[in-house]
Amino acid sequence: PALRWQEVPKFYSSLSEGTVTQLALRLLILTALRSKPIRFCRLDQIDGHTWTVPAENMKSQKGRAEDFRVPLSNEARAVIELARPFARDGWLFPNVRKGVISDATMSGYMKRKGLDARPHGFRSSFRTWCAEATDISREVAEAALAHSTGTAVERAYRRTDFLQQRRELMEQWCAHVKDEAFVVE
């Protein structure tokens, strides 16, 4: 279940306590990623405005996952900085005992808040926002979600991950999520 894209800013602004769970949810919303890459985020995967998620943390299509470059909006970078003091053993979102937060941590938080929506639903919120509130191409919107598009032949010839276009898109999404007017820097 997903929140309507128009409701995402209200939920995002409620994540103000700065706990590991809330910061993980904020980064999940801002990047439109699944929970696994968020949970297994390591500080050494982040280089400036780009986070490279290793293939093993991405959903694979027929076992062919690849590393995925994630453009980090200024807000996403700020969230990472807020989470940095909690980092342990290289993990940005560690569990209290060892390893990383569990798969149920963010879902449980949303359930306790009385929401029907779950973390994975923010991907749908994002994709619907792309379709209804932007003029971004389908290929770029799908690339932001790490989805493959086109025929096998088209994919063989398309040698881009649209990183720059996705970077601009994610800044627009961030502006929406923070309920601000989007300004290109």
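Up top is the structure.
Residue indices follow the written sequence of each chain, beginning from 1 at its first position. Reporting of local features is limited, given that this is a predicted model, to residues whose pLDDT is at least 70; pairs of side-chain atoms are given and counted only at 80 or more, and all residues count toward the totals for whole chains, interfaces and linings. Side-chain measures here rest on the full set of heavy atoms in the structure, leaving out hydrogens and waters.

A few words now on the pattern of salt bridges. Should their charged atoms come close, side chains of opposite charge can pair. Salt-bridge detection follows one rule: a side-chain nitrogen of Lys or Arg within 4 Å of a carboxyl oxygen of Asp or Glu. Inspection of the entire model under this criterion finds 9 salt bridges. The salt bridge partner of Glu-7 is Arg-4, with a shortest N-O separation of 3.6 Å. We classify Arg-4 as partly exposed; its relative accessible area is 48%. Close ionic contact of Glu-75 with Lys-178 constitutes a salt bridge, the shortest N to O distance being 3.2 Å. Here Glu-75 is found in helix H4 (residues 74–83), whereas its partner Lys-178 is found in the segment after helix H9 (163–177), with 103 residues between them in sequence. Classification of residues uses two cut-offs on accessible area relative to the type maximum, computed with a 1.4 Å probe and protein chains only: under 20% is buried, over 50% is exposed, and between them is partly exposed. Secondary structure elements follow DSSP: runs of H or I no shorter than four residues count as helices, runs of E no shorter than two count as strands, and numbering proceeds from the N terminus.

Moving on, we come to the packing of aromatic side chains. For any pair of aromatic rings, geometry is given as the distance between the ring centres together with the angle between the planes. Pairs were defined over the aromatic rings of Phe, Tyr and Trp, the Trp ring being its six-membered one, requiring ring centres within 6.5 Å. Orientation was assigned from the angle between planes: stacked under 30 degrees, edge-to-face over 60, tilted for the rest. Tallied over the entire structure, the rule returns 5 aromatic pairs. Judged by centre distance (5.6 Å) and plane angle (25°), the ring pair of Phe-11 and Phe-122 falls under stacked. Highlighted residues: Phe-11 in helix H1 (residues 8–14) and Phe-122 in helix H6 (residues 121–133), separated in sequence by 111 residues. For the pair shown, Phe-11 and Phe-122 are each scored as buried. Between Phe-126 and Trp-173, the aromatic rings sit 5.3 Å apart at their centres with planes inclined by 80°, giving edge-to-face as the arrangement. Of this pair, Phe-126 sits in helix H6 while Trp-173 sits in helix H9, and the two are 47 residues apart along the sequence. The same class applies to Phe-126 and to Trp-173, which are both buried. Chaining the aromatic ring pairs together yields one cluster made of Phe-126, Trp-129 and Trp-173.

Turning next to H4. Listing the buried residues of H4 in full gives Glu-75, Ala-76, Val-79, Ile-80 and Ala-83. Buried residues of H4, viewed axially, fall in a sector of 145°; they line one side. Buried residues in H4 make contact with H1, helix H2 (20–31), strand S1 (46–47) and H9. It is the directions from the helix axis to the C-beta atoms whose arc is reported. In what follows, residue pairs with any heavy atoms lying within 4.5 Å of each other are defined as contacts.

The next point concerns the packing of H2 against helix H5 (residues 104–112). To define axes, lines are fitted to C-alpha atoms, for helices over the stretch in contact only, and angles between the resulting N-to-C directions are given on a 0 to 180 degree scale. Between H2 and H5, the least distance of the axes is 10 Å, while the angle of their chain directions is 100°. Here H2 lies roughly perpendicular to H5, going by the angle between them. Residues Thr-21, Gln-22, Ala-24, Leu-25 and Leu-28 of H2 pack against Thr-105, Met-106, Tyr-109 and Met-110 of H5. Geometric relationships in this document are graded by angle, where less than 35 degrees denotes roughly parallel, more than 145 denotes roughly antiparallel, 65 to 115 denotes roughly perpendicular, and other angles denote oblique.

Note on placement: Ser-73 falls in the loop between strand S3 (68–71) and H4. Of the polar contacts made by the side chain of Ser-73, one reaches the backbone nitrogen of Ala-76; its length is 3.1 Å. As used in this structure description, the phrase polar contact means that two N or O atoms lie within 3.5 Å; if the pair is within protein, one of them must be able to donate a hydrogen and the other to accept it, and residues adjacent in sequence are counted only when both atoms belong to side chains.

The subject of this paragraph is the environment of Val-70. You can see Val-70 is positioned in strand S3. Beyond its immediate stretch of four places on either side in the chain, Val-70 contacts Thr-31, Leu-33, His-49, Thr-50, Trp-51, Val-53 and Arg-166.

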